[in-house]
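# Residue-level structural notes
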Amino acid sequence: MSESEPIISTSPSSTLVLASASPRRRELLDQIGVAYRILVHDTDETLLPAEQPAAYVNRLARQKAASVNALPEIYGRSAVLGADTIVVCGRSVLGKPRDEADAARMLGLLSGRCHEVMTAVCVMRGEQIKQVSVSTRVWFRELSHADISGYWRSGEPAGKAGAYAVQGAGALFVEKIEGSYSGVVGLPLFETGRLLADFGIRNTLENGR
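Residues numbered from 1 in each chain as written. Predicted model: local features only at pLDDT ≥ 70, side-chain atom pairs only at ≥ 80, totals over all residues. Heavy atoms only, no water.

### Concerning the side chain of His-115
- For His-115, the position within the fold is in strand S6 (residues 114–125).
- At a separation of 2.7 Å, a polar atom in the side chain of His-115 contacts the side chain of Tyr-164.
- Excluding residues that lie within four positions of it along the chain, His-115 makes contacts with Val-87, Val-88, Cys-89, Leu-110, Thr-136, Arg-137, Val-138, Phe-140 and Tyr-164. (Helix = DSSP H or I, 4+ residues; strand = E, 2+ residues; numbered from the N terminus. Polar contact = N/O pair within 3.5 Å; in protein donor to acceptor, adjacent residues only side chain to side chain. Contact = heavy atoms within 4.5 Å.)

### Notes on helix H1 (residues 23–31)
- Listed as buried for H1 are Arg-25, Leu-28 and Leu-29. Projected down its long axis, H1 shows its buried positions confined to an angular sector of 100°, all on one face. When the buried face of H1 is taken as reference, the exposed residues oriented beyond 90 degrees from it are Glu-27 and Gln-31.
- Taken together, the buried residues of H1 touch strand S2 (16–18), strand S4 (79–89), helix H5 (181–185) and helix H6 (189–198).
- For H1, the N-terminal capping position is held by Ser-22, with its side-chain oxygen 3.2 Å away from the main-chain nitrogen of Arg-24.
- Looking one or two residues past H1, Gly-33 carries a phi angle of roughly 70°, positive in sign. (Buried < 20%, exposed > 50% of the residue type's maximum accessible area, 1.4 Å probe, protein only. Arc of directions from axis to C-beta.)

### Side note on the environment of Trp-152
- Topologically, Trp-152 is positioned in helix H4 (residues 145–153).
- In this structure the C-alpha to C-alpha distance between Trp-152 and Gly-170, which are 18 residues apart in sequence, comes to 10 Å.

### Focus on the pattern of salt bridges
- Enumeration over the complete set of coordinates arrives at 8 salt bridges.
- Here Arg-105 and Asp-102 are joined by a salt bridge, their closest N and O atoms 3.0 Å apart. Of this pair, Arg-105 and Asp-102 are both found in helix H3 (residues 100–110), 3 residues apart, which corresponds to roughly one turn of the helix.
- A relative accessible area of 41% places Arg-105 in the partly exposed class.
- Among the ionic pairs, Lys-130 bridges to Asp-198, the shortest N-O distance being 3.2 Å. With Lys-130 in strand S7 (residues 128–140) and Asp-198 in helix H6, the pair connects residues that are 68 residues apart, well separated along the chain.
- On the basis of relative accessibility, which here comes to 33%, the residue Lys-130 falls in the partly exposed class.
- Judged by relative accessible area, which is 43%, Asp-198 ranks as partly exposed.
- Salt bridges sharing partners connect three or more residues here, namely Glu-45, Lys-64 and Asp-84. (Salt bridge = Lys/Arg side-chain N within 4 Å of Asp/Glu carboxyl O.)

### With respect to the packing of aromatic side chains
- The tally for this structure, following the rule as stated, stands at 3 aromatic pairs.
- Ring geometry for Phe-140 versus Tyr-164: centroids 4.8 Å apart, planes at 65°, classification edge-to-face. Of this pair, Phe-140 sits in strand S7 while Tyr-164 sits in the loop between H4 and strand S8 (174–178); the two residues are 24 residues apart in sequence, bridging distant segments of the chain. This pair shows no difference in class: Phe-140 is buried, exactly as Tyr-164 is.
- These aromatic residues form a ring-pair network of at least three members: Phe-140, Tyr-151, Tyr-164 and Phe-173.
- Of note, Lys-176 hangs over the ring of Trp-139, and the distance from its end group to the ring centre comes to 4.3 Å. (Phe/Tyr/Trp six-rings, centres within 6.5 Å; stacked < 30°, edge-to-face > 60°. Lys NZ or Arg CZ within 6 Å of the ring centre and 35° of its normal.)

### Regarding H6
- Among the residues of H6, those classed as buried are Leu-189, Thr-192, Gly-193, Leu-195 and Leu-196. Looking straight down H6, one finds its buried side chains confined to an arc of 165°; they lie on one side. In H6, the exposed positions angled more than 90 degrees off the buried face are occupied by Phe-190 and Arg-194.
- Tucked into the core, H6 has its buried residues touching S2, H1, S4, S6, S7 and H5.

This is the structure in structure tokens:
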């Protein structure tokens, strides 16, 4: 476990462990009223040689969940949710930008084009494993150098796959989305809700009954 990542609990009795430090995923689970705590292990996110994007994002989601599920205090006791999101433009997988030049390169690739955002979600409890992946198509308008440099100065692209956040100022670049908006943010809620229901994890609608 990364020592810099605390365990955060929204409910002492919650049975879901979120294996992600992403604030966006926390907000999305909060949105649907799912109680959880956070426990994160470091995961090697290196793309393997000749690995296809869909295989890559599914592997990372599964690895993140498995690393926490394997802990003796977690195994069989709590469901663990791991997720990963990647941006795919043409044949390129765009991860988090290293610096301003890398962000400018990514945004230049996305400018005026359609790209895919793939999010995979894996839920485990002991030996029980269920997984789903969602692909969403996103169209960007043409971006000027001023658009790209101004966006970098906003601080938003840092730490974001593809160097943008659709839930933030990056929405100004998006002409159209075909698919799951919440999947682009980081957790496809429709599919995630179904997975969690299979593990007995309650949401807002069920808690209100």
